[in-house]
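The primary structure of each chain is shown beneath.
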Amino acid sequence: MLSLCRTQVRTLVTVANTRRPAFNNGWEAVIGVEVHAQINSKTKLFSDMETSYEEPPNSKVSIVDLAFPGVQPRLNERCVELAVKTALALKADVQHRSTFDRKHYFYPDLPQGYQITQQREPIARGGMIALTELDGVPEAFTVGLHQIQLEQDTGKSMHDMIVGSTLLDMNRAGTGLMEIVTKPDMRSSLEAGLLVKKLQSILQCVGSSQASMNEGSMRCDVNVSVHREGEPWGTRCEIKNLNSVRFLSMAIDAEIERQIEILEKGGVIHAETRGFDVSGRKTFKLRGKETAPDYRYMPEPDLPNLLLSQEYIDQLAKDLPELPDQTRTRIMEQYKMSLDDANSLLNEAGSLAFFESVCLGRNSQAVLNWTINDLFGELARREISFGQSPVSVEQMGSLVDLVQSNKITGKIGKDVLRIMLQDADGSMAQDIVEKKGWARIDDSNLLKSICDSLVTKHPDQVVKFQDGEMKVFKWFIGQIMRETKGMADPLQVNQALCDALGCKPEDIAEAEAKSMANKKGGKQSKKNKKKSSS
């Protein structure tokens, strides 16, 4: 039974791999991506020190992280578990036996003088990510994966904060990373950008990484080469440390253009590691490309082989959540939402669970509108990520309930939402409305009194209305809304005003429809006259 479960999880999705068009004038680009995703664990990969984000510099560092003499690494089981779940979600082959290596190079933010990684025998091999039309590509295809490996992160170097000096923050040193290496199956910056977005959503869904490029928990390197169609692939260059999908796409396009320009002039592309200048929109050389022997890989003597039983792998496979492609199809059908709305919820970590919780017992379309149009919009204006939103499921539900029950207007609802975000004190919508005196007026006697008073005060306007001037009715509506500060129920206002003027709401609706038809007819007549005169 367990082995059957594993087979079901790892069944490949069949997606056509058709030949995509060349980049430009017969040139074709070949692109691969290397993703470094911080593992979402409470402690680091080889020490008991807490992981950190935006903590004071060098406040989350242990003697293991700093490579003091005599210390030894101890593998974090939670990191292994999340890496295996990631591999299963990406349909990779989890290895029953994997090993760790030392990758030697010197850099000030690498205390050991080497990085512990899994170059030779990684925790998982193979795998794939399917991109379909629903992801935004013109034609569906798959991107293969080389391998998924565990490794430790470095510290952070900050240059020129003090002129001529480099400052080191070792909080990040030793944090667990998953390096996910794709095959060179992409042919454009669009495809590479969509792949990274898709991978982000999978990692966030599994819970193995926050995968936030803005916060640094996910970083990308890309390998780019170009060649004429039908000719062997060209020499690839690597562009390092791209921290947003937009910059990744810009860097790829800039590098493709650079290589084509050189080759068309008869030049030669040299294997290099390059950076990307965002303001100049061009790549620049960092160093000549290191080769594997330069790193002097050797087995890590302080860590034993990592052995995973089939039972362990099967159990994690059973615990996998619904993955993004399945989720997108389900929510589009279940909630009758558009592809754009579904992608918006999937691309904001935590927002789908929020939306579905608010939906319980409520109109899903109303919840969707308030979540995507209003909450997302207000968060974007404040430059707050959804994960940092102070609005709880209960608060959002209370707001939707008040609007849906006509106790407040939609306009007032937007003001209530702004106060929830501004005060961030957990106040429910009803409490805010009562405190501000924003409850909708549904007192029919009060509305009748206001309407009767207005009709008595403005007999000249009443005569105009009786003579067929429909705009007078709207004028009265405006006066009532001003009197009630916009808190009156529009339907009750219409009925009360009709009673005061001695007409029926359906008569008003019919007259307005005729007026609109006459206006359209007049415009069409003017157009016809212009055509005939010309």
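See the structure printed just above.
In this report, we go over the structure that sits alongside the text. Fair warning: this is a prediction, and the values are worked out from it, not measured in the lab.

**Things to note about the overall build of the protein**
Summing up its helical and strand segments, the protein has 17 helices and 17 strands in all. Considering only C-alpha atoms, the protein reaches an extent of 95 × 65 × 65 Å along its principal axes. Counting every position in the protein, which comprises 534 residues, the buried fraction comes to 46%. For the protein, the proportion of contacts with a sequence separation of at least 24, taken over those separated by at least 6, is 69%. For the protein, the accessible surface area stands at approximately 27,600 Å², while carbon and sulfur atoms represent 50% of it.

**Observations concerning the pairing of strand β1 (residues 27-38)**
Extensive coverage of β1 is indicated by the burial of 12 of its 12 residues. Burial of the side chains of β1 extends over both faces: Trp27, Ala29, Ile31, Val33, Val35 and Ala37 are buried on one face and Glu28, Val30, Gly32, Glu34, His36 and Gln38 on the other. Pairing between β1 and strand β12 (residues 218-228): 11 bridges, direction antiparallel. Bridged to valine 30 within β12 is serine 225. Here β1 pairs with strand β11 (residues 176-182) via five bridges, running antiparallel. Across the sheet, residue glutamine 38 finds its bridge partner in β11, namely leucine 177.

**So, the packing of aromatic side chains**
Overall, the coordinates contain eight aromatic pairs when judged by the stated rule. Judged by centre distance (5.3 Å) and plane angle (80 degrees), the ring pair of phenylalanine 354 and phenylalanine 386 falls under edge-to-face. Taken together, the positions of phenylalanine 354 in helix α8 (residues 351-359) and phenylalanine 386 in the loop between α9 (364-381) and α10 (393-404) put the pair 32 residues apart, joining distant regions of the chain. The same class applies to phenylalanine 354 and to phenylalanine 386, which are both buried.

**What about the nonpolar core?**
The biggest cluster of nonpolar side chains holds 70 residues, and the ones touching the most others in it are Val33, Ile123 and Met218. Sequence-distant contacts of methionine 218, that is, excluding residues within four places in its chain, are made with Val35, His36, Ala37, Val196, Leu199, Gln200, Leu203, Ala211, Ser212 and Met213. Counting 38 residues, the second largest nonpolar core, distinct from the first, contains Val391, Val416, Leu417 and Met420.

**Concerning the sheet that holds strand β4 (residues 101-104)**
If you walk across this open sheet you meet the three strands as β5-β4-β16, and the pairing is antiparallel. Edge positions in the open sheet fall to β5 (114-117) and β16 (298-299), since each of these has one partner strand only.

**What to know about the environment of aspartate 314**
Positionally, aspartate 314 belongs in helix α5 (residues 310-318). Sequence separation between aspartate 314 and leucine 88 is 226 residues; the distance between their C-alpha atoms is 9.7 Å.

**Some details on α10**
With 12 residues, α10 extends 16 Å from end C-alpha to end C-alpha; this agrees with the ideal 16 Å at 1.5 Å per step. Where α10 is buried, its residues contact α8, α9, α11 (410-423) and α12 (429-436).

**A word on the pairing of strand β9 (residues 156-159)**
Remark: a regular strand shows side chains that alternate across the two faces of the sheet. When β9 meets strand β10 (residues 166-169), the two strands line up antiparallel, connected through four bridges. Of the residues in β10, the one forming a bridge with lysine 156 is aspartate 169. From the end of β9 to the start of β10, which pair antiparallel, there are six residues, and aspartate 160 there has a positive phi angle of about 65 degrees.

Here is what the cut-offs are and how they apply
- Residues numbered from 1 in each chain as written.
- Predicted model: local features only at pLDDT ≥ 70, side-chain atom pairs only at ≥ 80, totals over all residues.
- Heavy atoms only, no water.
- Helix = DSSP H or I, 4+ residues; strand = E, 2+ residues; numbered from the N terminus.
- Buried < 20%, exposed > 50% of the residue type's maximum accessible area, 1.4 Å probe, protein only.
- Contact = heavy atoms within 4.5 Å.
- Areas by Shrake-Rupley, 256 points an atom, 1.4 Å probe, with all protein chains shown as cover.
- Pairing = 2+ DSSP bridges.
- Phe/Tyr/Trp six-rings, centres within 6.5 Å; stacked < 30°, edge-to-face > 60°.
- Core = buried A, V, L, I, M, F, W, Y, C linked by side-chain atoms within 4.5 Å.
- Expected span 1.5 Å × (residues − 1).

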